[in-house]
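Chain by chain, the residues run as shown.
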Amino acid sequence: MIKYYTAITVLCVLSMASMLLCVSCSRTLSGTEKRYFRFEFSLIALAALCEWLGVMLNGTGPRTVIWHTAVKVIEFSAAPCIGIFMALILDAPHKEAAMVILLLHTLLQVVLGFSGAIIQVDAESNYTRGPLYEIYMVVYVAALFYAVFAVLRSGRKYQFGGAGFLASVLVFTLSGMAMQMVDSTLRVDYVTTAISAIMLYAFTVDMIQQTDGLTGLINRRGYENTLAHLREPCIILFFDVDCFKSINDTYGHDWGDQYIRRTGQCLRDNTPAGTVCARLSGDEFLVLFHGYRSRDAVREKIDCLTKAMQQSVALLPSGNALHISLSGGIAWYPDDGQDWETLKKYADFAMYQVKHADKGRVEEFDIGVYNREAYAERTRREFRQLLS
């Protein structure tokens, strides 16, 4: 059993070392995300190694008492930090408070650990829990709840695209901890945590690649992946920011970026849970409504969204307020089209009908108008060919 446990620990530490190299080579993660992942992987490797050393030192006599106590203090200090950094990776709020709690917990572990209050190592180097062991458990459980909160919150951030996967990672982690509590000789808690951290890394990189960095909405890649998995009636609402080129030319690209960021925030804040909001390109946005039983229900939601957008403002560099103005077109699946490219084309057509008439509104696609416009364009093209 000891040989098997040693092999598992070595593999756990080596896998975390490999992930540290992977993080260093990543061109997807930001500097902050890299730092959090480095802490996460390092803490898992450290805690797993200290647990293994504690098992090896157990019952080895008086000469190893101080070393045994030290490795248990390090393990007990590192374990709650794993859950905290898992939450920070998922961009949980109150980061400063979490870091302060971690620092206080570490200091408390050092002071109380060597005094025998939380960790007790007798004269023969046998480890037992101290009378204040519950302090460690409270911090450990609080860190887990913080991670659970971050998982639930990130579901909203990534528009529920990865909530199911994150929940499965959490269940996997908790299952490993439960097995450890039932039978402490299994020693599967840190290897389970290591696997969970690797899955979290894969999720984070995937979500970053599908998220628009400026607005936090999903990007074109994320939008296309979402469409590939939809099998129910839905509605495409295609938006374009009115006069965006003029805004950029007048106030500069930095303020233009702020205007786009504010637009994305308005879309995210004023759409129901489960709605897919995407930024496809510079000033083009798309909202995908699905799961509604009637068109009237969708129209009500779209009406609420457009009213909220019309009331939203962005502050100009001068301090004056500029109302956000969007023009949009609506196409219905499967009534208007059976494939997404056709639907997007039709929604785009309806949008440009608005932009050429009265901007700042949303109109539904009309196949009759589309056919008349297509016929008129074909007639104009044939006429030009005759003239030439």
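Residues numbered from 1 in each chain as written. Predicted model: local features only at pLDDT ≥ 70, side-chain atom pairs only at ≥ 80, totals over all residues. Heavy atoms only, no water.

(A) Local environment of the nonpolar core. With 52 residues, the main nonpolar core has Phe41 and Tyr201 as its most contacted residues. If you list the elements that add at least two residues to this core, you get helix H1 (2–25), helix H2 (31–57), helix H3 (65–89), helix H4 (95–115), strand S1 (119–121), helix H5 (133–157), helix H6 (163–182) and helix H7 (189–209). When residues no more than four places from it in sequence are discounted, the contact partners of Tyr201 are Met19, Cys22, Val23, Ser26, Leu29, Phe37 and Phe41. Membership of the second largest hydrophobic core comes to 26 residues, among which are Tyr259, Phe289, Val298 and Ile324. (Core = buried A, V, L, I, M, F, W, Y, C linked by side-chain atoms within 4.5 Å. Buried < 20%, exposed > 50% of the residue type's maximum accessible area, 1.4 Å probe, protein only. Helix = DSSP H or I, 4+ residues; strand = E, 2+ residues; numbered from the N terminus. Contact = heavy atoms within 4.5 Å.)

(B) Just a nonpolar patch on the surface, in detail. A cluster of nonpolar side chains, namely Ile66, Trp67, Val110, Val111 and Phe114, defines an oily patch on the protein surface of about 540 Å² accessible area. Residue assignment for the nonpolar patch shows that the elements contributing at least two residues are H3 and H4. A total of 3 residues in the nonpolar patch trace back to one element, the largest contributor, which is H4. One can find Ile66 in helix H3. (Patch = residues over 30% accessible without salt bridge, like charges linked within 9 Å, V, L, I, M, F, W, Y side chains within 5 Å. Areas by Shrake-Rupley, 256 points an atom, 1.4 Å probe, with all protein chains shown as cover. Salt bridge = Lys/Arg side-chain N within 4 Å of Asp/Glu carboxyl O.)

(C) Inspection of the packing of H2 against H7 at higher detail. Running from amino to carboxyl end, H2 crosses H7 at an angle of 170°, the nearest separation of the two axes being 9 Å. Taken together, H2 and H7 sit at an angle that is classed as roughly antiparallel. Contacts between H2 and H7 pair Glu33, Phe37, Glu40, Phe41, Ile44, Ala47, Ala48 and Glu51 from the former with Asp189, Tyr190, Thr193, Ala194, Ala197, Ile198, Leu200, Tyr201, Thr204 and Ile208 from the latter. Class assignment for the residues of the contact of H2 with H7 results in 12 nonpolar, 2 polar and 4 charged. (Axes fitted to C-alpha atoms, helices over the stretch in contact; angles between N-to-C directions. Parallel < 35°, antiparallel > 145°, perpendicular 65-115°, else oblique. Nonpolar A, V, L, I, M, F, W, Y, C, P; charged D, E, K, R; others polar.)

(D) Structural view of the pattern of salt bridges. Applying the stated criterion to the full structure yields 12 salt bridges. A salt bridge links Asp212 to Arg279; the nearest nitrogen and oxygen atoms lie 3.1 Å apart. Here Asp212 is found in the loop between H7 and helix H8 (220–228), whereas its partner Arg279 is found in strand S4 (residues 276–279), with 67 residues between them in sequence. The same class applies to Asp212 as to Arg279, namely buried. The salt bridge partner of Glu364 is Arg299, with a shortest N-O separation of 2.6 Å. Of the two residues, Glu364 is situated in strand S9 (residues 362–364) and Arg299 in helix H11 (residues 295–311); the sequence distance between them amounts to 65 residues. Residue classification places Glu364 among the partly exposed positions, given a relative accessible area of 30%. You can call Arg299 partly exposed: its relative accessible area is 33%.

(E) Up close: unusual backbone geometry. Each neighbour pair has its own omega, and for Tyr333 with Pro334 the value is 5°, a cis peptide bond. With respect to the helices, strands and loops of the structure, Pro334 is situated in the loop between strand S8 (326–333) and helix H12 (340–355). Even without being glycine, Asp91 reaches a positive phi, approximately 65°. Secondary-structure assignment places Asp91 in the loop between H3 and H4. Residue Asp91 is classed as partly exposed on the basis of its relative accessible area, which comes to 31%. Even without being a glycine, Ser125 presents a positive backbone phi close to 70°. By the secondary structure assignment, Ser125 is in the loop between S1 and strand S2 (127–129).

(F) Local environment of the packing of aromatic side chains. Taken as a whole, this structure holds 18 aromatic pairs when the rule is applied. Seen in terms of ring centroids, Trp255 and Tyr259 are 5.5 Å apart; in terms of plane orientation they differ by 35°. Their pairing is tilted. Highlighted residues: Trp255 and Tyr259, both in helix H10 (residues 253–269), separated by 4 residues, approximately one helical turn. A relative accessible area of 5% places Trp255 in the buried class. By relative accessible area, which is 1% here, Tyr259 ends up buried. Ring geometry for Tyr346 versus Phe365: centroids 4.1 Å apart, planes at 5°, classification stacked. (Phe/Tyr/Trp six-rings, centres within 6.5 Å; stacked < 30°, edge-to-face > 60°.)

(G) How the structure looks around the state of the cysteines. Per the counting criterion, the structure on display carries 0 disulfides. Counting only cysteine sulfurs, Cys277 is the nearest neighbor of Cys266, a cysteine outside any disulfide, at a range of 11 Å. (Disulfide = S-S within 2.5 Å.)

(H) Seen up close, H8. What H8 keeps buried is the set Gly222, Tyr223 and Leu227. Buried residues of H8, viewed axially, fall in a sector of 135°; they line one side. (Arc of directions from axis to C-beta.)

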